[in-house]
Amino acid sequence: MLKFILKRIAYGFFIILGVIHVVFFLFHALPGDPVQMMLGSRSDKEAREAIRHELGLDLPLYEQFAKYLNDLSPISIHHDTEKNQEKYAYQKLVDLGHHALVVKSPYLRRSFQSNQRVDEIILENLEGTLVLALASMLFATFFGIIFGLIAALKQNTFWDHLVISTSVMGISAPSFVMAIVISMVFGYYLHEYTGLPLTGSLWSNDPLLGRQLQLQNLILPAFTLGIRPLAIIAQLTRSSMIEVLSQDYIRTAKAKGLNKFAIVLKHALKNALNPVITAVSGWMASLMAGAFFIEYIFHWKGLGLKTLKAVEMLDFPVVMGATLVVAIVFVLINLVVDVLYATIDPRVRLT
Amino acid sequence: MAKHFETLFKSKEEKEIILSVKNLTIEFSSDEGSVYAVNNVSFDLYKGETLGIVGESGSGKSVTSMSLLRLIQEPPGKIKHGEIIFHSKKFGKIDLLNISRKQIRSIRGDEIAMIFQEPMSSLNPVFTCGNQVMETLMLHQKLKRKAAKENTLELFERVKIPNPVETFAKYPHQLSGGQMQRVMIAMALACKPSILIADEPTTALDVTVQARILEILQELRHDRETATVFITHDLGVVAEIADKVMVMYKGNVVESGTVLDIFDKPQHPYTKGLLACRPRLDLKLNVLPTVGDFMQTDKEGYITSISNAKFKSVGEALLNNYQVENEHRAEVAEKMKSAPILEIKNLSTEYMQSKGIFKKKVNITRAVNDVSFEVYPGETLGLVGSSGCGKTTLGRSILRLIEPCNGAIIFEGQNIMQFSQRQLRSLRKDIQIIFQDPYASLNPRISIGEAIVEPMRVHKLYDNDNERKEKAIELLELVNLSATFYHRYPHEFSGGQRQRVCIARALALNPKFIICDESVSALDVSVQAQVLNLLNRLKAKFNLTFIFISHDLAVVKFISDRILVMNKGKIEEIDYSEDIYNKPKSIYTRELIASIPKGNIDDIRKAMMRRKLRDKNKGNRLSA
C-alpha cells in the first residue's frame, strides 16, 4: 500500500510538471500584453519597457520558463543576495560563489496586478472553494445515494420514475440559470421564511467583532452546486444497485435469512459503490475549478472567481499558481479514490 | 437381493416426513404471455433422504427448489396455487407459502439451507469467506463473534477445507471453485438445517473436484440426517447420491421413483431419452441416441407423440448404434498411415507476470510444457484434463491466438511459428475454432446470417454477397437450422441453436481443421448429444480433422478416435480412446476415470449398499 502511494505521488509529480508546461506555454501564446494591463493604455513606452525588464518578460520564452521552474522548485539556484534571501526565504545548502544552491518553499511570485504574493492570494481564496466543493459534494453524495437506493428498490414504481425524471431535470438545467433562480427564490422572495442571504462569503468582516464565520451563506451555493452531481450520483447508484441486486450473491444472502435492510445496506451497497466513487471524485475535482458561476452569482469568495479575473487581466503568476494548486488537488483526490477502491473491493489490486 | 431393497424402502416409508409439496404451480409472465414454469408438482421428502430432481434447462427444477424458500422473483414469477408443508422445529407444521416474511426469514439458512450452482458468483466478493459463514451463525444462533468464528473454523474443517484459519480470512476470488463450493456448503450447514437444497452444486466444477464435493455431502447427510433436495441435469450424479429421483420436463414431473427404478426400468420416453443420450464410457457408439428418438415434440418442446418413436427402450437405442471396437480401431489405424496434417513439436507456452518499473519477468507459469504430438487427416483427437491443465492454452497456441514461447507447429508441412501476421490470417481460413460459450461468441447486434457471411467476406470467398448469402443459407440447413433464421438475432435462439450457428460460421470458410474448445460443455445433455452427432456427421461429409477439447472424458471418448490426456501442462498419455478408458497407463488418467459418475445399475446398487451399511452402523452406535 505504502509503495503504491509513493509511486502514485511520483507519477503525480510528473503530471504536475506536465501541467506547468502546458499552462505556461498556452498562456504565453495568448494575445495581449500583461504590462499594458498593469499600467493602462496611456502609459509611456519607457515605463512599460522598464517593468517588462523587471518582470523578466523581455527574456526569450525558454529562459523565462527556466526561471519560473527555478522559482517553483524547492531545491534551486539563486543569486545569493539579501534581496533574494528576503524574497525566497531560503536555506543555503551549498555556496557557489555568487550563487547558492538553496532549499525553500516553492515561490509562486507576486500578482502583476496587486503585487500581493500569489501564495497568499491562493490561501485566502482556496478555503472558500474547498469548503463550498466539500459541502456540495457531501450533500450530493448523501442524498444522491439515498435517492438512488430508493429508485433501485422501488424499481418501475412512482418513486422510481419521480427520482429519474427529477434527476434528468437536474442534469440538464444549466448551473448559472439554477444559481439565479435559486438565489432569487430562496434568498430574495422567500427570504422572510428561509432567512438566507442572497449573496455572501464564508467569512465576513464585522467592524466590532472582526472575522466572522457565516455558515448560512454556504447553504444556497452548496445546494445549487450539488444539484447536478446529486442527480448523476442518484442515477448511477440506481443502475449499479439494480445490477448488483440481480447477482447470485444477493440470492445467497436472501437464502441465509437476512432481512432486506441487511441485504441492501451490507451486501449490495458495498458492491454497488465503485461507479459512485468514480463520479464523486470526478465531480469533486471539477468543482474545485469550475464553480465560477456559482461563486460569481452568490459573491462567494473563491479560487474560481479569482482565477477568472486573473486570466482576464493576463495576471500570469496568479493563473499559474491557481492551476498548480488545482492540479495538486486533482492528483490527491485520484490517489485517495484508488485507495478507496481497494479498501472497498478486495479484488482491486494496487499496482 | 431384490427383497432386501424392498425392505430398505419400506423402512424409509416409516421415517418422518419433513416436507411435502402439493400441487405446486408457478407461473412466469412476460410481455409474450405466461408459462407454467412449474405445473402441478407434488412430492414428499423424508428425514435423512436425498431426492434428486433431474431435468434440463427450462424444466422448472430450479424454480421448484427456489420456491421452497420463497426465493422466486415476483414479478415475473407467481405461485398460482399449491402448498409446501414443512415440519419446522420452531413453528411446527406450517405451509411455507402462507407464513409471514419474518417467519420465512427465520427458516431460511437455519432450518432450510441452500447451495447454488456457481460458487464463484454466489459468494459476495467483498467479504471474507469466514465473515460470510459467521454471518449466518450470528444471525440465527445469536452467537457472539468469537463463538461464531470458532464454529466457522470447525465447519471449515468438517467440509475439508485445507488451512481453515487461512481460508477464513481469504476473499472468494482467492480460492478455487472447489474450495468456494466448500465454503458455500459450510455456510449452508452452519445452523444444522433439516433440509439442504443443492441446486446444481457440482455442475461448474471439475469431475475430480465434483467427486470430492459429493463425498462431503454424503458424509454430512449421514452424520446429521439432513434431508437433501439435489437438483441436477446430470443423471450420473443423481445415481451416485440420490435415494429417490424425480424427472422434470417443461414444468411437469414426468416420472418419479427410486433411483434404481429410474435407471433400471425407466417408464417415460423422456427419461429413456435422457438415459440414452449421455455419452458412455463403457460402449463405443456410432451415433448418440437423442431424446428426439424417443418422443416427438412441438416447437415449444411440448410432447406431441410417443407412439411412433424410433426407439422404445434405452437398450434398443444403444444396440442400434453400437460400434464394434476393432472395426473402429482399424479405421483409425488406417488414417494414421497417411502423413500427419498437424505436427506439434516441443511446444511450450508461458504466462508471465511482470513486476516493478523495469518489468522484470517473474512468476513464469508454463501452461503448456514441452508438448509433442501428431494429428492425422480425418481423425478426431480428444484433449482432456481438469481445469488449469493447459488444454485451452494448447488449443489457442496452435492457432497462435496465444503466442507460444518455443517449439514448432507444422501444419501441412509449413511451420506456423514462422508465419507473418498476414500468413497467419490466411491460415485461419484452414483452421477454425469453435468456442465454449455460444452466448458470448456471437455478437448480439449482428444477425446470424450476417455472422456466417462475415468471415467469407473477410477472406474474399465467392464473388459477391448474393453468392455468400446462398452459401450461408446452405450452411444453416446443413446444421439443421431453417433458412428463415437468416435475418434473426442471436437472442432469439437457444444455446444449442446458437452453437449450431457457431458451427455453421466455422464451416463457412471450408476449413480443413477445426478446434472445438469445450464446445458442448455449456449445453444440456440432450442438446449436447445432437451437437456431437452433428459434428460427427460434418466430419464424415467434409473429411474434417478435429481437435476436441473438453474436461468431460465421456464426451471426449464418444467423439474421439484418439485421446490425449493433459495434466499440469504436460501430456500424461496419448492413445486410442478405448485403450485410455480400458487400460489407462498413468495414475492421473485412472483418477480421472474413477471420479466420473457412471450411472450404471451396479454402481447404484453398490452406492445404496454403502449408504444402508452406514445407516446400520450408525443405528448400532446409537443403540449401544
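Everything in this summary refers to the structure shown in the same document. Please read all numbers here as calculations on a predicted model, not as lab measurements.

## Brief notes about helix H15 (residues 316–344) of chain A
Right, so step 1: Taking 1.5 Å of rise per residue, the 29 residues of H15(A) would be expected to cover 42 Å, and the 42 Å separating its terminal C-alpha atoms lies within 8% of that figure.
Right, so step 2: With 21 of its 29 residues buried, H15(A) lies for the most part within the structure.

## Quick word on helix H6 (residues 145–158) of chain B
All names here are of chain B.
Right, so step 1: An ideal rise of 1.5 Å per residue puts 20 Å on 14 residues; H6 measures up with 20 Å between its terminal C-alpha atoms.
Right, so step 2: Where H6 is buried, its residues meet helix H5 (129–140), helix H7 (164–168), helix H8 (177–189) and helix H9 (207–224).
Right, so step 3: Lysine 160 occupies a position one or two residues after H6 and carries a positive phi of about 60°.

## Observations regarding the side chain of B:Glu255
All names here are of chain B.
Right, so step 1: For glutamate 255, the location among the structural elements is in strand E10 (residues 252–258).
Right, so step 2: The buried charged residue glutamate 255 lacks any salt bridge partner; its closest oppositely charged side chain belongs to lysine 272, at an N-O distance of 7.7 Å.
Right, so step 3: A polar side-chain atom of glutamate 255 sits 2.8 Å from the main-chain amide nitrogen of histidine 268.
Right, so step 4: Residues in contact with glutamate 255, not counting those within four places in the same chain, are Val245, Met246, Val247, Ile262, Lys265, Pro266, Gln267, His268 and Thr271.

## Let's talk about the pairing of strand E22 (residues 570–576) of chain B
Residues and elements named next belong to chain B.
Right, so step 1: Strand direction decides the pairing type here: strand E21 (residues 562–567) and E22, joined by six bridges, are antiparallel. Along E22, the bridge assignment pairs leucine 564 with isoleucine 574.
Right, so step 2: Adjacent in sequence and paired antiparallel, E21 and E22 are bridged by two residues, among which lysine 568 carries a positive phi angle near 50°.

## Examining the state of the cysteines
All names here are of chain B.
Right, so step 1: A complete count under the given rule lists zero disulfides over all chains for this structure.
Right, so step 2: For cysteine 389, which is in no disulfide, the shortest distance to another cysteine sulfur is to cysteine 516 and amounts to 16 Å.
Right, so step 3: Cysteine cysteine 502 shares no disulfide, and the gap to the nearest cysteine sulfur, in cysteine 516, comes to 11 Å.
Right, so step 4: Note on cysteine 502: relative accessible area 5%, which makes it buried.

## As for the nonpolar core
Right, so step 1: Core analysis: the biggest nonpolar cluster contains 85 residues, and B:Phe263, B:Ile452, B:Ile503 and B:Phe548 have the highest contact counts within it.
Right, so step 2: The leading source of residues in this core is helix H20 (residues 525–542) of chain B, at eight residues.
Right, so step 3: The contacts of B:Ile452, once residues within four sequence positions are left out, are B:Ala472, B:Leu475, B:Leu476, B:Val501, B:Ala504, B:Arg505 and B:Ala508.
Right, so step 4: If you look at the next biggest cluster of nonpolar residues, it comprises 78 residues, including A:Met241, A:Tyr249, A:Trp300 and A:Leu324.

## Quick look at the interface of chain A and chain B
Right, so step 1: On the side of chain B, 27 residues touch chain A, which itself brings 18 residues to the contact.
Right, so step 2: In this assembly, chain A packs against chain B so that about 2200 Å² is buried in total across both faces, 59% of it on carbon and sulfur atoms.
Right, so step 3: The tally of links between chain A and chain B comes to two salt bridges.
Right, so step 4: Residue B:Glu135 is joined to A:Lys256 by a salt bridge in which the shortest nitrogen-to-oxygen separation is 2.6 Å.
Right, so step 5: On inspection of chain A and its partner chain B, the count reaches eleven residue pairs in polar contact (both at pLDDT 80 or more).
Right, so step 6: Listed by contribution, the elements that provide at least two residues to the side of chain A that touches chain B are helix H11 (248–256) and helix H12 (260–290) of chain A.

## Overview of the packing of aromatic side chains
Residue and element names in this part refer to chain A.
Right, so step 1: Summed over the entire model, instances satisfying the criterion amount to 16 aromatic pairs over all chains.
Right, so step 2: Arranged with centres 6.2 Å apart and planes meeting at 40°, the rings of phenylalanine 143 and phenylalanine 147 form a pair that is tilted. In this pair, phenylalanine 143 and phenylalanine 147 are both assigned in helix H6 (residues 118–153), four residues apart and thus about one turn of the helix distant.
Right, so step 3: Through pairs of rings, three or more aromatic residues link up here, namely Phe24, Phe25, Phe65, Tyr68 and Phe316.

## Examining the environment of B:Pro377
All names here are of chain B.
Right, so step 1: Here proline 377 is to be found in the loop between strand E14 (360–375) and strand E15 (380–384).
Right, so step 2: Taking C-alpha positions, proline 377 is 67 Å from lysine 142, a pair spaced 235 residues apart along the chain.
Right, so step 3: If we skip the residues at most four places from it in the chain, proline 377 touches Lys335, Ser338, Ala339, Pro340, Ile341 and Thr545.

Rules and cut-offs
Residues numbered from 1 in each chain as written. Chains lettered and ligands numbered in written order. Predicted model: local features only at pLDDT ≥ 70, side-chain atom pairs only at ≥ 80, totals over all residues. Heavy atoms only, no water. Helix = DSSP H or I, 4+ residues; strand = E, 2+ residues; numbered from the N terminus. Expected span 1.5 Å × (residues − 1). Buried < 20%, exposed > 50% of the residue type's maximum accessible area, 1.4 Å probe, protein only. Contact = heavy atoms within 4.5 Å. Lys, Arg positive; Asp, Glu negative; His and termini not counted. Salt bridge = Lys/Arg side-chain N within 4 Å of Asp/Glu carboxyl O. Polar contact = N/O pair within 3.5 Å; in protein donor to acceptor, adjacent residues only side chain to side chain. Pairing = 2+ DSSP bridges. Disulfide = S-S within 2.5 Å. Core = buried A, V, L, I, M, F, W, Y, C linked by side-chain atoms within 4.5 Å. Buried area = accessible area lost by both parts, 1.4 Å probe. Phe/Tyr/Trp six-rings, centres within 6.5 Å; stacked < 30°, edge-to-face > 60°.

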